[in-house]
Amino acid sequence: MKKSACIISIVSLLIISFTIVGAMKIRTMHEDTNKANLLVVKDNSIKAAQPNSKSPDSTNNKSLPLLEKERMAKGGVIGTAGKGVVVLRFDDYQNVFREKIYPMLVERGLPCSMALISRFNTAQSWGKGTTWDDIRHWNRNGVEIWSHGTDHRDYSKNGYSGLYSQIVISKEEIEAQDIKVVGWVLPGVKPTTKNLPYNGLTKPSHYNSTTGKLLMDTYALTEAYAYKPQRILPTNIYHGLGHITVSDGGETVSSVIEEINAVIKNKSGIELMCHAGNLGKAGNLTFEEFETLLNYIKMQWDKDSIEVLTPSGICFADPNSSSRLKLNVDDSFEGLTTANPGAWKETKNWAGKTIETSAGRTGNNFLRINSDAADSGVTQRIADLDKLGVAGEQFVFEGWFRSYGSKDTIGVVQIDDYDNPSKLKIVKKTVSNDTAWTRVRFVFCIPPGTKNITLSLYRDTEAGIDWDDISIKKI
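Residues numbered from 1 in each chain as written. Predicted model: local features only at pLDDT ≥ 70, side-chain atom pairs only at ≥ 80, totals over all residues. Heavy atoms only, no water.

Caption draft 1: The environment of Asp 468, seen in detail. Within the element layout of this structure, Asp 468 appears in strand β20 (residues 464-474). With 66 residues separating them along the chain, Asp 468 and Arg 402 place their C-alpha atoms 9.1 Å apart. With sequence-adjacent residues up to four places away left out, Asp 468 is seen in contact with Asp 331, Ser 332, Phe 333, Gly 360, Arg 361, Thr 362, Asn 365, Phe 366, Gly 399, Trp 400 and Trp 437. A polar side-chain atom of Asp 468 sits 3.5 Å from the main-chain amide nitrogen of Thr 362. (Helix = DSSP H or I, 4+ residues; strand = E, 2+ residues; numbered from the N terminus. Contact = heavy atoms within 4.5 Å. Polar contact = N/O pair within 3.5 Å; in protein donor to acceptor, adjacent residues only side chain to side chain.)

Given below as structure tokens:
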């Protein structure tokens with residue numbers, strides 16, 4: 001008995017020792033992890049979530065199907081191949097956006113989001129004069145839509161029914177207009193009671209509330225003030241991400257450019273938010289200064305120093321990946337001939353068109369449409385978009401062309417709904433830069449319910465034209 005008791009005592013001591021050592025190792029591991037994260041924060045000037053904390057959505061099982069559906073719509077991941085990301089967001093002021101901002105964006109081929117109250121044309125003065133046709137037109141041309149509530153007013157006196165209207169009904173009212181709502185944006189509402197509307201949403205813990213639960217049951221993505229604007233990529237956070245407001249007097253052109261340069265250096269992300277109606281007011285950026293910022297963003301995008309995505313796209317961006325959903329194939333014409341044109345088999349007539357092998361912009365092959373081609377278009381059909389789950393999503397077209405001959409030429413890109421061209425018909429024209437390769441880039445939306453689209457390349461003058469490196473990628 002004494003021997004057995006002794007053995008039991010020794011075993012017990014060993015178990016206790018291993019437990020203590022294990023606990024010390026676990027504690028040390030967490031401390032090392034925290035130190036590593038603090039170093040990252042210091043180097044990137046970005047506050048990251050602690051490694052043992054939970055993103056608000058991770059505690060809510062109902063939000064997971066919404067998130068996975070949104071992830072599928074983004075192709076799983078938007079790889080940026082080592083580049084940081086800048087995104088643009090516009091809140092309210094649809095009248096000023098229509099008159100001054102939207103033309104600037106289209107001219108530069110820049111995507112953005114709009115935080116839209118569903119009753120924009122009656123509830124607030126800055127939405128009057130704008131129509132649902134305007135909103136749909138913007139959406140089809142690179143402006144994704146986020147709900148901003150119904151009326152930009154405090155719902156508190158109406159209790160839960162008021163909250164439900166702002167969060168759920170607003171989404172239903174917008175989507176009834178054949179527009180996908182990708183998320184919800186916290187409106188800056190003046191309180192009418194002692195309670196702060198929407199529970200504040202200035203901390204991740206604020207999502208552990210009735211408001212937070214309803215938001216995560218309704219949207220895959222929401223934006224508020226729970227996290228600092230600067231974002232480590234990939235974020236792995238889908239609710240509460242913040243932004244920098246560039247229009248309301250707190251920023252200058254140089255300070256915003258400094259933020260963009262930090263994105264380039266750190267391969268991080270930033271969202272720049274603008275109240276278009278506040279530009280030009282005393283102490284705020286002018287429209288000319290804001291245009292300077294847009295020019296700087298486009299310049300860095302053209303130089304491949306950054307990626308410009310939508311505000312929903314940045315939630316799935318990863319600089320450590322180069323994987324990215326691309327809808328078209330045979331983009332560089334490599335290995336193709338007019339007899340075997342690959343995906344471009346929808347072309348009705350190849351007379352006057354050739355696939356050259358004398359070195360294109362990249363690789364050996366490129367498409368040539370001669371000046372004597374009677375029908376100058378080549379076409380490919382992109383099918384089964386409904387199965388991909390990308391209806392309602394924004395994409396960027398990019399392609400390169402040059403004049404073949406002594407005159408400038410005009411490159412034409414056309415994207416149609418294959419089954420119903422009246423639902424989607426985008427035509428973009430660009431003048432060549434002599435015989436140098438000229439980039440064509442624009443953003444567009446695949447409307448909800450679209451199953452198949454066609455992509456066509458043309459010339460619009462008597463001069464011949466060469467095309468190469470054609471892509472339609474997720475943003």
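Caption draft 2: Local environment of the nonpolar core. One finds Phe 97 and Leu 272 to be the most contacted residues of the largest nonpolar core, which totals 86 residues. Per element, the largest residue contribution to this core is seven residues, and it comes from helix α9 (residues 287-302). With residues up to four places along the chain from it excluded, the contact list for Phe 97 reads Phe 90, Tyr 102, Pro 103, Leu 105, Cys 112, Met 114, Trp 138, Val 143 and Ala 276. Among the nonpolar cores identified, the runner-up in size contains 32 residues, and Phe 333, Ile 369, Phe 442 and Ile 453 belong to it. (Core = buried A, V, L, I, M, F, W, Y, C linked by side-chain atoms within 4.5 Å. Buried < 20%, exposed > 50% of the residue type's maximum accessible area, 1.4 Å probe, protein only.)

Caption draft 3: Broad picture of the side chain of Glu 259. Structurally, Glu 259 is set in helix α8 (residues 253-266). Buried charge without a salt bridge: Glu 259, with Lys 228 as the nearest opposite-charge side chain at an N-O distance of 10 Å. Setting aside its immediate chain neighbours within four residues, Glu 259 contacts Gln 230, Ile 244 and Ile 270. (Lys, Arg positive; Asp, Glu negative; His and termini not counted. Salt bridge = Lys/Arg side-chain N within 4 Å of Asp/Glu carboxyl O.)

Caption draft 4: Helix α3 (residues 94-108), seen in detail. Taking 1.5 Å per residue as the helical rise, α3 with its 15 residues ought to reach 21 Å, and the 19 Å between its terminal C-alpha atoms agrees with that figure. Within α3, the axis deviates most sharply at Ile 101, by approximately 45 degrees, and proline Pro 103 lies no more than four positions further along. Listing the buried residues of α3 in full gives Gln 94, Asn 95, Val 96, Phe 97, Ile 101, Tyr 102, Met 104, Leu 105 and Arg 108. The inward-facing, buried residues of α3 abut β2 (84-91), β3 (112-116), α4 (120-123), α5 (132-140), β4 (143-147) and α9. Gly 109 sits one or two residues past α3 and shows a positive phi near 70 degrees. (Expected span 1.5 Å × (residues − 1). Bend = angle between axes of the 7 residues up to and from the residue.)

Caption draft 5: Structural detail: unusual backbone geometry. That bond from Leu 233 to Pro 234 is cis: its omega, -5 degrees, falls within 30 degrees of zero. Within the secondary structure, Pro 234 sits in the loop between β6 (222-223) and β7 (239-241). Its identity is not glycine, yet Tyr 198 carries a phi of approximately 60 degrees, on the positive side. Mapped onto the secondary structure, Tyr 198 falls in the loop between β5 (181-185) and α7 (210-218). Phi at Phe 333 is positive, roughly 65 degrees, even though this residue is not glycine. Looking at the secondary structure, you find Phe 333 in the loop between β11 (317-318) and β12 (353-356). Take Phe 333: its relative accessible area is 0%, and that puts it in the buried class.

Caption draft 6: Seen up close, the packing of aromatic side chains. Summed over all chains, the structure comprises 17 aromatic pairs. Each residue in the set Phe 90, Phe 97, Tyr 102, Trp 138 and Phe 290 is aromatic and connected to the rest through ring pairs, giving one cluster. When the ring centre of Tyr 404 is taken as origin, the NZ or CZ atom of Arg 368, which lies over that ring, is 3.5 Å away. In this structure, Lys 474 packs its charged tip against the face of Phe 395, placed 5.2 Å from the ring centre. (Phe/Tyr/Trp six-rings, centres within 6.5 Å; stacked < 30°, edge-to-face > 60°. Lys NZ or Arg CZ within 6 Å of the ring centre and 35° of its normal.)

Caption draft 7: Structural context of the pattern of salt bridges. With the rule as written, the count across this model stands at 30 salt bridges. With a closest N to O distance of 3.6 Å, Arg 108 and Glu 107 form a salt bridge. For Arg 108, a relative accessible area of 6% puts it in the buried group. Between Asp 217 and Lys 213 there is a salt bridge, and its shortest N-O distance comes to 3.0 Å. Here Asp 217 pairs with Lys 213, and both are found in helix α7, just four residues apart, close to one helical turn. Asp 217 gets classed as partly exposed once you look at its relative accessible area, which sits at 26%. Residues joined by salt bridges that share partners form a network here, namely Glu 70, Lys 74, Lys 180, Glu 393 and Lys 474.

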